[in-house]
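Each chain, written out:
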Amino acid sequence: MSDILAILPQQLVFGIALGTVYGLLALGYTMVYGVLFMINFAHGEVFMIGAYIGWGVLAALLDAKVGGLHPAWVLPLMLVPAMLCTGALGVMIERLAYRPLYVRGATRLGPLISAVGASIFLQNAVMLTQGARMKVYMTNFLFPPAWRFSLFGASISALLVVMVAVAGVMMWGLHVLVQRSTLGRSIRAVAEDREMAAIMGVSVGQVIGTTFFLGSALGGAAGVLVGLYYTQIDFVMGYSAGLKAFTAAVLGGIGNIRGAMLGGLVLGITESLAVTFINPAFKDVVAFALLIMTLVFRPEGLLGEGLSDREKV
Amino acid sequence: MLRLSAVDTFYGPIPALKGVTLEVHAGEIVCLLGGNASGKSTTMRTILGIVRPHAGTVEFEGKRLDGLSTGEIVRRGISLVPEARRVFGRMTVWENLAMGSFIRRKEPAAEISRDMERVYGLFPRLRERSGQYAATLSGGEQQMLAIGRALMARPRLLLMDEPSMGLSPAFVDQVFDIIQTINQQGTTILVVEQNAAVALSIASRGYVLQNGRIAVEDSAAALLAADDIRRAYLGED
């Protein structure tokens, strides 16, 4: 038992890092659900493509033998293109795969199936263009393993700190945008009552597009961070990560932005503790057991409101 | 100011408006009466472009509105106080008013705050509750907020859909006093009501809709006086 207690701080640190990334990815699910009442199952693939773009930038820099790689300038160089491209990709997915359906009055099932189709398409597009073999993030060139410090017996690497900081700043930025800006208010207005938002003069189509851009860009950033952390990426990585983040979004209360962040943290920490106290093999079992328990006992999620006023055919 | 000419509107195969022709002149309060499912709300939705008319034209200040998007119609100077209020419950009172001024977001903030002061002047209760979520307001307060929100767009024509619905009788009088004040301050008003007596008392003219057609059109005083019309079309005893 004392052995387990000794590694607890370490596992908590891993859990928090994993949780912030889940949260970042969960925001994409929750934001889209907020405005369209659908689960964007292609979001995991958006995340995967973000990871590939970040990898591409880093690999190109290493190939070109650029000296003096430092996260202070390399990380933005990876994150910004990844976020812009995945943001644009999200907007494209909405325009091509969802909008043609819902403007014709499709039920919620139609876009859902279309989302699964988009997901399969993107996975295969990446496999065909990038190959089926995994790619390796050369994280050690950017964050030397020696960059670490100890805290309460946990060894914390610079990369973990940067991950939590980047994800945290992005979540905070999104929160401020949604709560304080005119754009944020119009997103909330569309989420609450689309017709009234239009009567206020809000262009609903534009707001939906912007929401996809923001959510997908955050997903792309999460892809880069996860790539750096796990150092191996492949074209199916979006599937399980997407399911986990979706779980986090439901756990926190789907449609609720703070809920997605909280759900991500709870899921990340729970998974890490499961690894410590139960068995690493049960990591996913614990995550999905949490999803099932949420759906049974608190379907509106931790911070969600009652389902009734959100339900919409 | 507003003219509907021979408007037909359908919901799928079901006709909701049949040859509706009506006119609202600048500065007037015009009242649109009728029972349930007579086409009152559909008339509002047609004016705002939420549903498209199949035939006929809608003109505002001499320009065609039919075919334009709702956003564009609102930008031309029409706003709506919807049936059942429909305030944004998960936003504060202040945020609801800010949403009302969405189409004016490029104007200087001082202009917007001046109008917000005007709304708070009409409804002091809203100032007290400006930081509160709209869902926590009483029905009457929500009605004030819905009116204030519509005024924030600085409309020249204000459409009001059943402003008295669900309010206590004392409050109904208060709301109609305010409607009159808003009109005197220069906003033209088209109001849809089931509560004919109260609505006609402040209106200059009225139309009675029945089964999607204009059945009667007259001055408010004449409509108020005509017992047979009220019995026949408005379901009053």
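Residue positions are given per chain, counted from 1 along the sequence in the order it is written. The order in which chains are written sets their letters, starting at A; the order in which ligands are written sets their numbers, starting at 1. Since the coordinates come from a predicted model, pLDDT governs what is reported: local features require at least 70, and pairs of side-chain atoms require 80 or more to be given and counted, while whole-chain, interface and lining totals use all residues. The basis for the side-chain values is all heavy atoms of the structure; hydrogens and waters are excluded.

### As for the sheet that holds strand 5 (residues 63–64) of chain B
Strands in a sheet are paired, the pairing made by backbone hydrogen bonds, and the direction either parallel or antiparallel. Residue and element names in this part refer to chain B. Taken in spatial order, the four strands make up an open sheet running 2-1-4-5, and their pairing is antiparallel. Each edge of the open sheet is held by one strand with a lone partner, namely strand 2 (14–24) and strand 5. Summarising the sheet, strand 1 (residues 2–11) and strand 4 (residues 55–60) pair through five bridges and their orientation is antiparallel. Of the residues in strand 4, the one forming a bridge with Arg 3 is Glu 59. Where helix 1 (residues 40–47) meets the sheet, its contacts fall on strand 1, strand 2 and strand 4, and the angle it forms with strand 1 comes to roughly 110°. A strand pair is defined by DSSP finding two or more bridges across the two strands. Note on conventions: DSSP H or I runs of at least 4 residues are helices, E runs of at least 2 residues are strands, and numbering of each starts at the N terminus. Contact between two residues is taken to exist if any of their heavy atoms lie within 4.5 Å; hydrogens are not considered. Axis definition: a line fitted to C-alpha atoms, limited for helices to the stretch in contact. Angles are taken between N-to-C directions and run from 0 to 180 degrees.

### A word on the sheet that holds strand 10 (residues 213–219) of chain B
Residue and element names in this part refer to chain B. Across the sheet, six strands lie side by side as 6-7-8-3-9-10; this open sheet has mixed pairing. At either margin of the open sheet sits one strand with a lone partner, and together these are strand 6 (78–81) and strand 10. On average, each strand axis in the sheet is inclined to that of its neighbour by 20°, with strand direction left out of account. Where strand 3 (residues 29–33) meets strand 9 (residues 205–210), four bridges bridge the pair, whose relative direction is parallel. When the sheet's bridge partners are listed, Leu 33 is paired in strand 9 with Val 208.

### Here's the deal with the domain arrangement of chain B
Residues and elements named next belong to chain B. Under the domain assignment used here, chain B contains domain 1 (1–77 + 156–237) and domain 2 (88–154). Per the annotation, domain bounds derive from an automatic or database assignment of domains. In this structure, domain 1 and domain 2 have C-alpha centres spaced 24 Å apart. With 16 residues of domain 1 at the interface, the matching set in domain 2 holds twelve residues. Carbon and sulfur atoms supply 74% of the area buried between domain 1 and domain 2, which totals about 1100 Å² over both sides. By convention in these notes, a salt bridge is any Lys or Arg side-chain nitrogen within 4 Å of a carboxyl oxygen on Asp or Glu. Taken together, the links from domain 1 to domain 2 amount to zero salt bridges. For this analysis, a polar contact is any N or O atom pair within 3.5 Å, provided that within protein one partner can donate a hydrogen and the other can accept it, and provided that sequence-adjacent residues contribute only side-chain to side-chain pairs. Inspection of the region where domain 1 meets domain 2 yields two residue pairs in polar contact (both at pLDDT 80 or more). With six residues, helix 7 (residues 169–184) is the single largest residue contributor to the side of domain 1 that touches domain 2. Of the residues that constitute the side of domain 1 that touches domain 2, the class distribution is nine nonpolar, four polar and three charged. Put simply, buried area is the surface a 1.4 Å probe can reach on two separate parts but cannot reach once they are joined, added for both. Classification used: nonpolar for Ala, Val, Leu, Ile, Met, Phe, Trp, Tyr, Cys and Pro, charged for Asp, Glu, Lys and Arg, polar for all others including Gly.

### Regarding the nonpolar core
Membership of the largest hydrophobic core comes to 131 residues, with the highest contact counts inside it found for Leu 24 and Leu 228 of chain A. Counting residues per element, this core draws most heavily on helix 1 (residues 2–36) of chain A, which supplies 15 residues. Inspection of this core shows a minimum of three residues originating in each of domain 1 (1–77 + 156–237) and domain 2 (88–154) of chain B. In these notes, a set of buried Ala, Val, Leu, Ile, Met, Phe, Trp, Tyr and Cys residues joined through side-chain atoms within 4.5 Å is what counts as a nonpolar core. Residue exposure (1.4 Å probe, protein chains only): buried if accessible area is under 20% of the type maximum, exposed if over 50%, otherwise partly exposed. With 45 residues, the next largest nonpolar core counts Ala 150, Met 152, Leu 167 and Val 216 of chain B among its residues.

### Description of the pairing of strand 4 of chain B
The two faces of the sheet receive side chains in turn, since in a regular strand these alternate between them. All names here are of chain B. As paired elements, strand 4 and strand 5 share two bridges and run antiparallel to each other. What sits directly across from Phe 60, in strand 5, is Lys 63. Taking the residues between adjacent antiparallel strands as the criterion, strand 4 and strand 5 are bridged by two residues, where Glu 61 takes a positive phi near 50°.

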